[in-house]
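# Overview (structure and organization)
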Amino acid sequence: EYVAGTTPTNSTSVFELVVIGTNGNVVQWSSVAGRLYDVEYSSNLTSSGFATLGTASNLAATPAANSYTNASVTNRTELFYRIKVRKE
């Protein structure tokens, strides 16, 4: 809660990731000023681990939401995303 900048006593204050776009190529998440974000991906949750997605490292917050377009996704490539957050 502290690092993400959410309020634990407010049920609408959440750190949430949404994958959108016609090919599932746009990742959008709630953001808070004073935070940096990394977009990571994996094609397999069982063995490959996660890697930072291209230039999606140290992205500054753009409240109320950030987004990143993964240009390498075509034809609904199956990928799993996660967002890392840290204070500036």
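The text that follows walks through the structure, step by step, so that each part is easy to find. (Residues numbered from 1 in each chain as written. Predicted model: local features only at pLDDT ≥ 70, side-chain atom pairs only at ≥ 80, totals over all residues. Heavy atoms only, no water.)

## Remarks on the overall build of the protein
Our working definition: Here a strand is any run of E in DSSP of at least two residues, a helix any run of H or I of at least four, and the numbering for each starts at the N terminus. The globule rule is 2.2 Å times the number of residues to the power 0.38, and the radius of gyration it is compared with is taken over C-alpha atoms. Three labels apply to residues, based on accessible area from a 1.4 Å probe with only protein chains included: buried if under 20% of the type maximum, exposed if over 50%, partly exposed otherwise in between. Contacts are assigned to residue pairs that have any heavy atoms within 4.5 Å of one another. Every accessible area reported is derived by Shrake-Rupley at a probe size of 1.4 Å, with residue values counting cover from the shown protein chains alone.
On a plain count of helices and strands, the protein comes out with 0 helices and 7 strands. Written out in order from the N terminus, the α and β elements of the protein read β-β-β-β-β-β-β. Relative to the compact-globule value of 12 Å for 88 residues, the protein shows a C-alpha radius of gyration of 13 Å, a close match. In terms of its C-alpha atoms, the protein occupies a principal-axis envelope of roughly 40 × 25 × 25 Å. Residue burial in the protein is summarised as follows: out of 88 residues, 28% are buried. Taking as baseline every contact in the protein between residues at least 6 positions apart, the subset at least 24 positions apart corresponds to 62%. With an accessible surface of roughly 5400 Å², the protein has 51% of that area assigned to carbon and sulfur atoms.

## Considering the nonpolar core
As a reminder, the rule being used: Working definition of a nonpolar core: buried Ala, Val, Leu, Ile, Met, Phe, Trp, Tyr and Cys residues. They are joined through side-chain atoms within 4.5 Å.
V27, W29, Y37, V39, L53, A56, A61, Y68, V73, Y81 and I83 together form the largest nonpolar core, which totals 11 residues. Elements with a contribution of two residues or more to this core: β2 (26–30), β3 (35–42) and β7 (80–87). Setting aside anything within four residues of it in sequence, one finds V73 in contact with N23, G24, N25, L79 and Y81.

## So, the pairing of β2
What counts, and what does not: Only strands joined by at least two bridges in the DSSP assignment are considered to pair.
Summarising the sheet, strand β1 (residues 17–20) and β2 pair through 4 bridges and their orientation is antiparallel. Among the inter-strand pairings, L17 is bridged to a residue of β2, identified as W29. Linkage of β1 to β2, two consecutive antiparallel strands, is achieved through a turn of 5 residues, within which G21 is found at a positive phi near 100°. Sheet topology places β2 next to strand β6 (residues 65–69); 5 bridges connect them, and they run antiparallel. Each bridged residue has a counterpart across the sheet, and for W29 the counterpart in β6 is N66.

## What to know about the sheet that holds β2
Rules: Every axis corresponds to a line fitted to the C-alpha atoms, with the helix fit spanning only the stretch in contact, and the corresponding angles, defined between N-to-C directions, vary from 0 to 180 degrees.
Spatially, 3 strands are ordered β1-β2-β6 in an open sheet, and the strand pairing comes out antiparallel. Either end of the sheet is taken by a strand with one partner, and the two such strands are β1 and β6. Adjacent strand axes in the sheet meet at a mean angle of 20° when their direction is disregarded.

## Focus: the environment of A71
The residue A71 is located in the loop between β6 and β7 in this model. Put simply, A71 and Y2 are 69 residues apart on the chain and 32 Å apart in space, counted from C-alpha to C-alpha.

## Overview of the side chain of N70
When you line up the elements, N70 lands in the loop between β6 and β7. You can call N70 buried: its relative accessible area is 3%.

## Structural notes on the packing of aromatic side chains
The geometry of an aromatic ring pair is captured by the separation of the ring centres together with the interplanar angle, meaning the angle of the planes. Under the convention used in this document: Working definition: a ring pair exists when centres of Phe, Tyr or Trp rings (six-membered ring for Trp) sit within 6.5 Å. Plane angles under 30 degrees give stacked, over 60 give edge-to-face, the rest tilted.
In total, this model carries 2 aromatic pairs according to the counting rule given. Aromatic side chains F15 and Y37 sit 6.2 Å apart centroid to centroid with 10° between the ring planes, which places their arrangement in the stacked category. Here the residue F15 occupies a position in the segment before β1, and Y37 occupies one in strand β3, the gap between them amounting to 22 residues. Among the aromatic residues, those joined into a cluster by ring pairs are F15, W29 and Y37.

None of this, on its own, says anything about what the molecule does.
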